[in-house]
Amino acid sequence: MDKKNKQEDVQEALDLYAHEFEEAGLENGIKFWYARDLQRFLGYASYDSFYNVVQEAIAICAALKIAIHENFISLDREIAGKPAPDFKLSRFACYLTAMKADSSKYEVALAQAHFAALAASIKEHFQDAERIKRAQVRADLKVGEMEMTSAAKMSGVEDFGSFKDAGYRGMYNKSTNALKKMKGLSSSDNLYDFLGLEELAGNLFRVTQTKARLRNERATGQQQAEEVAFGVGRQVRKLMHDNSGQNPENLPIEGHVNEIQKGVKVTLKEYQRIDKKK
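Summary of the structure given here. (Residues numbered from 1 in each chain as written. Predicted model: local features only at pLDDT ≥ 70, side-chain atom pairs only at ≥ 80, totals over all residues. Heavy atoms only, no water.)

A closer look at the pattern of salt bridges
Spelled out, the test is: Salt bridge, as used here: a side-chain nitrogen of Lys or Arg that lies within 4 Å of a carboxyl oxygen of Asp or Glu. Every helix listed is a DSSP run of H or I at least four residues long, and every strand listed is a run of E at least two residues long, numbered separately from the N terminus. Under the scheme applied here, a residue whose accessible area is under 20% of the maximum for its type counts as buried, over 50% as exposed, and between as partly exposed, the area being computed with a 1.4 Å probe on protein chains only.
Overall, the coordinates contain 16 salt bridges when judged by the stated rule. For arginine 169, the salt bridge identified is with aspartate 165, shortest N-O distance 3.7 Å. Taken as a pair, arginine 169 and aspartate 165 lie in helix 7 (residues 160–172) at a separation of four residues, close to a single helical turn. What makes aspartate 165 buried here is its relative accessible area of 17%. In this structure, glutamate 270 and arginine 273 form a salt bridge, with 2.8 Å as the shortest nitrogen-oxygen distance. Placement of the pair is glutamate 270 and arginine 273 together in helix 11 (residues 258–277), with a separation of three residues, close to one helical turn. By relative accessible area, which is 8% here, glutamate 270 ends up buried. Judged by its relative accessible area of 38%, arginine 273 falls in the partly exposed class.

The following block contains the structure:
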């Protein structure tokens, strides 16, 4: 099959998918889709497994400070003569759920392409699955660092700046300020806000494991806690280098994570505009 025919087949599949998805939408004040219908469109055989994807999409909505109740409405409805849990999903909720779904599924790839095509007029604002994941990991990291700090306090840490710096030195071979300077950031910038997905995930693993080790090893006092933070950072550094061949300090920074939130909100407004026109 030549390239042109292959492109035509892909476009035909996308057009068919878009038609069937749009036909499944219902009207009741707002346009919505039942989660159990979206489950089929995303290629999930089990509602139980798909429910977890919806919950992840709800968590993203919360992390991006977007009203959950306007996009995800939980309900029971009769299916095969029995009440069954379900959701009414806005178009935006369908988009977030598709971005959190298993991208190796053919149906998910079609859904993600469909939502990208819908937002063609605001293409520079459209946030794909990786950027959505980056925003979620950044939010998780904020929580993880607070939990690590709480565990450090329980261990007797008083100088939290020095404690956190020990973790950076272990992971990056550099102090926090030296690392910011190397990455072209100012001393007032929050480093995490500019890290890419891989580096954010590495730091999330570092802070959660530091918290766990502080508790498991019952570290006591500033010095022991810093040794734990440094040791965990050193292990994460080795793991990242072994997996990618790169040290974390050499990974490129990205735009401020708040730009993802802004882009998602633009997409939300665009999808609302689309449904108001119909």
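Structural notes on the environment of alanine 18
Its place among the elements puts alanine 18 in helix 1 (residues 3–24). Between the C-alpha atoms of alanine 18 and arginine 206, which are 188 residues apart in sequence, the distance is 42 Å.

Regarding the environment of proline 248
The line we're drawing: What makes two residues a contact is simply this: any of their non-hydrogen atoms within 4.5 Å.
For proline 248, the position within the fold is in the loop between helix 10 (221–244) and helix 11. Not counting the four nearest positions on each side in its chain, proline 248 is found in contact with Met171, Tyr172, Lys183, Glu199, Arg237 and Met240.

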